[in-house]
Amino acid sequence: MRPEPLAAAPELPTSTLDLSSGTVEYRLRLGGPNAVVVFHGGHLRAGIALGEEELARGGRAVLVPSRPGYGGTAPAAGRTPEAFADTAAELCRRLGVRRVAAAVGVSAGGPTAVAMAARHPDLVRRLLLVSAVGPLPWPAPAARRMGRLAFAPHVEAATWASVRGMLRANPVAGLRSMMEGLSTEPAADVVDRLPRAHRAALAGLFCRMRSGHGFLIDLRALERGGGNAALVAQPSLVVASRKDAAVPFAHAEALAAALGDARLLESAADGHLVWFSPDRPRIAAEIDAFLRAA
């Protein structure tokens, strides 16, 4: 199969603020009085937009802070989900965001969104979790060991340079390699089912990823499980796929059981990245309806 071109999607401009716990990088997509606060998963930062279309519908503002150790956010800004949830609440106050329609947690950003909803119920009206790490230990021991080696600060740049080189040399083969840890399905089958535009977008996304100190912070904070789900009383929507190998579906089931008022919405995605699924329009409509009720 002939290699395909990578998607050219530049990073969006970000800003920084010095808060009481440290410097935080963020991006604010202006809108109406209702805002959503998005906590990306591992290896992503505020300048990368992923799955925001349904979040911004109806004129909602979108605030995306880089989590600690990612992008321009200092590790000291919050080495636990609870600490960064408090930092995010301070960021909202400084930016004049007085009403958060939903805290949105994606993958390893899930525990921070949960903590923000639990610790700041006067600010956060709803909770949206997408392929999110739940109260179970994460990741599996083998993945944790590999992550500590591949994304240690002195080697993570080389790791991602290798990924970019692989994807540029042969995007299809590179995507198959990247999908090995993201889907329970055979990686070759997953990539072969992707439309051409999705392949290009995914290759471009992987090429923009970096870990900084952030992924090691995630590994330390989340390896024992636990969290604040039982303290959340706001309505919650949990979106996940049974074919997710990065964050097993058991996390979604545990979240739905622990949260006070939760609905579990199953995606037909072939793996962790639910935005690249044929049923995304259905999921997006459900998310929009959920947020409109805030």
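Summarised in this report is the structure supplied together with it. Computed from a predicted model, the values in this text were never measured in an experiment. (Residues numbered from 1 in each chain as written. Predicted model: local features only at pLDDT ≥ 70, side-chain atom pairs only at ≥ 80, totals over all residues. Heavy atoms only, no water.)

1. Here we look at unusual backbone geometry
(1) Moving on: Across the junction of Trp138 and Pro139, the peptide omega takes the value -10°, indicating a cis bond.
(2) Moving on: Along the polypeptide, Pro139 turns up in the loop between strand S6 (127–130) and helix H4 (141–150).
(3) Moving on: Of note in the backbone geometry, His43 takes a positive phi value of approximately 75° without being a glycine.
(4) Moving on: With a relative accessible area of 12%, His43 lands in the buried category. (Helix = DSSP H or I, 4+ residues; strand = E, 2+ residues; numbered from the N terminus. Buried < 20%, exposed > 50% of the residue type's maximum accessible area, 1.4 Å probe, protein only.)

2. As for the pattern of salt bridges
(1) Moving on: Scanning the entire structure with this criterion turns up 19 salt bridges.
(2) Moving on: Between Arg27 and Glu52 there is a salt bridge whose closest N-O contact spans 2.5 Å. Taken together, the positions of Arg27 in strand S2 (residues 22–29) and Glu52 in the loop between strand S3 (35–39) and helix H1 (53–56) put the pair 25 residues apart, joining distant regions of the chain. In this pair, the class of Arg27 matches that of Glu52, namely buried.
(3) Moving on: Linking Asp279 and Arg282 is a salt bridge whose minimum nitrogen-to-oxygen distance equals 2.8 Å.
(4) Moving on: Linked by salt bridges that have partners in common, Glu185, Arg193, Lys243 and Asp270 make up one network. (Salt bridge = Lys/Arg side-chain N within 4 Å of Asp/Glu carboxyl O.)

3. Section: the sheet that holds strand S8 (residues 261–267)
(1) Moving on: Spatial strand order, S1-S2-S4-S3-S5-S6-S7-S8: eight strands in an open sheet with mixed pairing. At either end of the open sheet lies a strand with only one pairing partner, and these are strand S1 (15–19) and S8. With direction set aside, neighbouring strand axes in the sheet form an average angle of 25°.
(2) Moving on: Note that strand S5 (residues 100–106) and S6 share four bridges and pair parallel. Counterpart to Val106 in the pairing with S6 is Val130.
(3) Moving on: Docked against the sheet, helix H2 (residues 81–95) engages S1, S2, S3, strand S4 (61–65) and S5, running at close to 110° with respect to S1. (Pairing = 2+ DSSP bridges. Axes fitted to C-alpha atoms, helices over the stretch in contact; angles between N-to-C directions. Contact = heavy atoms within 4.5 Å.)

4. A few points about the side chain of Asp218
(1) Moving on: As for its placement among the helices and strands, Asp218 is situated in helix H9 (residues 214–222).
(2) Moving on: Not counting residues up to four positions away in its chain, the partners in contact with Asp218 are Gly42, Arg67, Tyr70 and Ala108.

5. Points about the nonpolar core
(1) Moving on: Val36, Leu55, Leu128, Met179, Leu202 and Phe206 are the most contacted members of the largest nonpolar core, which totals 56 residues.
(2) Moving on: At five residues, helix H8 (residues 196–208) tops the list of elements feeding residues into this core.
(3) Moving on: When residues no more than four places from it in sequence are discounted, the contact partners of Met179 are Ala187, Val190, Val191, Leu194, Leu202 and Leu273.
(4) Moving on: Counting residues in hydrophobic clusters, the runner-up holds 38 residues, among them Ala88, Met116, Leu129 and Ala229. (Core = buried A, V, L, I, M, F, W, Y, C linked by side-chain atoms within 4.5 Å.)

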